[in-house]
Amino acid sequence: MRVLKFGGTSVANAENMNKVVAIVKRALSEDSAIVVVSALGGTTDVLIDTVKSASLRDESFKTKLSALEKRHLQVVKELMPVDQQSSTLSLVKRHFNEIENICEGVFLLQELSPRTLDNVVAYGELLSSLILSAKLTSLKMTHQWMDSREVITTNSNFGNAAVDFDITNKSVKKCVTDGNKKLFLFPGFISSDANKVTTTLGRGGSDYTAAIIAAATGAKVLEIWTDVSGMMTADPRLVSNAKVIPNISYSEAMELSHFGAKVIYPPTIQPVMEKNIHILVKNTFAPADE
Ligand code: ADP
Ligand code: ASP
Ligand code: MG
C-alpha cells in the first residue's frame with residue numbers, strides 16, 4: 001500500500017489533474033494506493049477571504065465566491081467528457097450554494113466563529129476530491145472516495161485541531177481494509193470532532209492527513225507530490241541556487257519544516273517517524289525524473 005498526496009498546485013486546473021491521474025494510474029500498476037488531495041491551489045485563501053468579507057458586511061463576498069465557483073466549473077468542463085459533465089457540474093453548484101448560504105448567514109450576523117470558518121474552508125478539499133473522483137469514475141478507475149471527516153477524529157480546536165489517534169487509527173484501518181478496493185481517495189486537511197462537527201488540521205494540513213493515513217494503514221511509503229523535486233537546502237522561490245537534498249533524516253526534515261520549508265507541514269513527520277515510513281517528495285510536473 002502506498003499513500004500519494006497531491007498538493008494545491010498539482011490539482012490547480014484540469015491539465016494538472018490529468019497529470020495526477022496519470023501518476024495514480026502508474027502507481028496502481030505496482031501496488032494498491034491511497035490518494036489524498038488538497039483543494040485547488042489558492043482555494044483555501046479565497047474561501048477565508050470570502051467569508052471574512054461577508055462577516056464585515058462587504059457585499060464583495062458574492063463576486064469572490066462566484067469567481068471561485070466558475071473556476072471549479074471550468075475544471076470540470078475541461079476534465080470530463082461532455083456527456084458525463086452534468087452530474088459533476090450540478091454537484092459543484094450544490095456545494096457552492098451551501099457555501100453561499102453559510103456566507104449569507106455570516107453576513108447577516110456579522111459574526112464568524114472558528115467553527116464556521118472550518119465549515120467553509122472544508123469545501124475546498126471536498127470539491128477537489130469529488131471532482132477527481134468523478135474523473136476517475138469516468139475513466140473506469142474503480143475507487144472508493146472517503147469523507148476524511150468520518151475517519152479522522154480530533155478535538156474541537158477549530159483551525160488547528162489535535163488528532164485523537166486511538167479512534168482515528170482504528171477507523172482509518174477499518175475503512176481501508178473493508179472490501180477489496182485497490183484505490184482510495186481522501187480529501188486532505190479536514191476532520192471532525194467527537195460531535196461530528198467539521199474541524200481542520202491547520203494550514204498545509206493535507207500533508208498531515210496523508211501521514212495519519214499512512215501510519216494507520218502500515219504503508220511503507222508516503223509520497224508528497226508537489227511542485228518541487230524534493231526537500232531543498234532553501235526555498236527555491238527565494239534562493240535561486242537551492243539544491244535538492246537527496247536524503248534527509250526525520251529530525252533534519254522536522255527542523256527544516258519548522259524553519260519554514262513549507263513543502264512538508266511540520267506535524268507530518270511525527271506519525272511517519274514512529275512507523276518508519278519512507279517520505280518521498282516528488283515533482284508532479286517532472287514525474288519521469290523521479
Ligand atoms: P503543496 O500545495 O503541494 O502542498 P506547498 O506550496 O505547500 O505545496 O509547498 C511547496 C513549496 O514549498 C515549493 O513550491 C517551495 O517554494 C516551498 N518551499 C519552501 N522551502 C522549501 C524547501 N526547503 N524545500 C522545498 N520546497 C520549499
Ligand atoms: N488547502 C489547505 C491549505 O491551503 C491544506 C493544504 O493544502 O495542505 O492550507
Ligand atoms: Mg503544502
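Each remark here, short or long, concerns the structure printed above.
Residues numbered from 1 in each chain as written. Chains lettered and ligands numbered in written order. Predicted model: local features only at pLDDT ≥ 70, side-chain atom pairs only at ≥ 80, totals over all residues. Heavy atoms only, no water.

## Quick word on the sheet that holds strand β4 (residues 183-187)
- Spatially, six strands are ordered β3-β4-β2-β1-β7-β8 in an open sheet, and the strand pairing comes out parallel. Edge strands, defined here as strands with exactly one partner in the open sheet, are β3 (144-145) and β8 (278-283).
- Judged from the two bridges that link them, β3 and β4 form a sheet pairing that is parallel. Within β4, the position partnered with W145 by the bridge is L185.
- Packed onto the sheet, helix α1 (residues 14-28) meets β1 (2-6), β2 (33-37), β4 and β7 (221-226) and runs at close to 175 degrees relative to β1.
- Lying on the sheet, helix α8 (residues 206-217) is in contact with β1, β2, β4 and β7; it crosses β2 at an angle near 160 degrees. (Pairing = 2+ DSSP bridges. Helix = DSSP H or I, 4+ residues; strand = E, 2+ residues; numbered from the N terminus. Contact = heavy atoms within 4.5 Å. Axes fitted to C-alpha atoms, helices over the stretch in contact; angles between N-to-C directions.)

## Description of the site of ligand 1
- Near ligand 1, the surroundings consist of 18 residues, among which T226, D227, M232, D235 and R237 are the closest.
- Backbone polar atom of G8 to an oxygen atom of ligand 1: 3.0 Å apart, as the coordinates give it.
- A distance of 3.5 Å separates an oxygen atom of ligand 1 from a polar atom in the backbone of V263.
- Protein contacts shield 92% of the accessible area of ligand 1, which totals 570 Å² for the unbound molecule. (Near = heavy atom within 4 Å. Polar contact = N/O pair within 3.5 Å; in protein donor to acceptor, adjacent residues only side chain to side chain. Areas by Shrake-Rupley, 256 points an atom, 1.4 Å probe, with all protein chains shown as cover.)

## So, the packing of helix α4 (residues 86-109) against helix α5 (residues 114-138)
- Relative to each other, α4 and α5 sit at 175 degrees, their axes nearing to 11 Å. One element, α4, and the other, α5, form an angle in the roughly antiparallel class. The segment α4 lies against α5, with T88, L91, V92, H95, F96, E98, I99, I102 and V106 engaging T116, N119, V120, Y123, L127, L130, I131 and A134.
- Across the contact of α4 with α5, the residue classes tally to 12 nonpolar, four polar and one charged. (Parallel < 35°, antiparallel > 145°, perpendicular 65-115°, else oblique. Nonpolar A, V, L, I, M, F, W, Y, C, P; charged D, E, K, R; others polar.)

## With respect to the site of ligand 2
- The immediate surroundings of ligand 2 are formed by S38, T44, E125, F189, R203, G204, G205 and S206.
- With respect to ligand 2, the side chain of S38 contributes an N or O atom lying 3.1 Å from an oxygen atom.
- The protein chains hide 85% of the 260 Å² of surface that ligand 2 would expose on its own.
- By residue class, the composition of the shell around ligand 2 is one nonpolar, five polar and two charged.

So, to be careful, I would describe these as geometric facts and stop short of saying anything about function.
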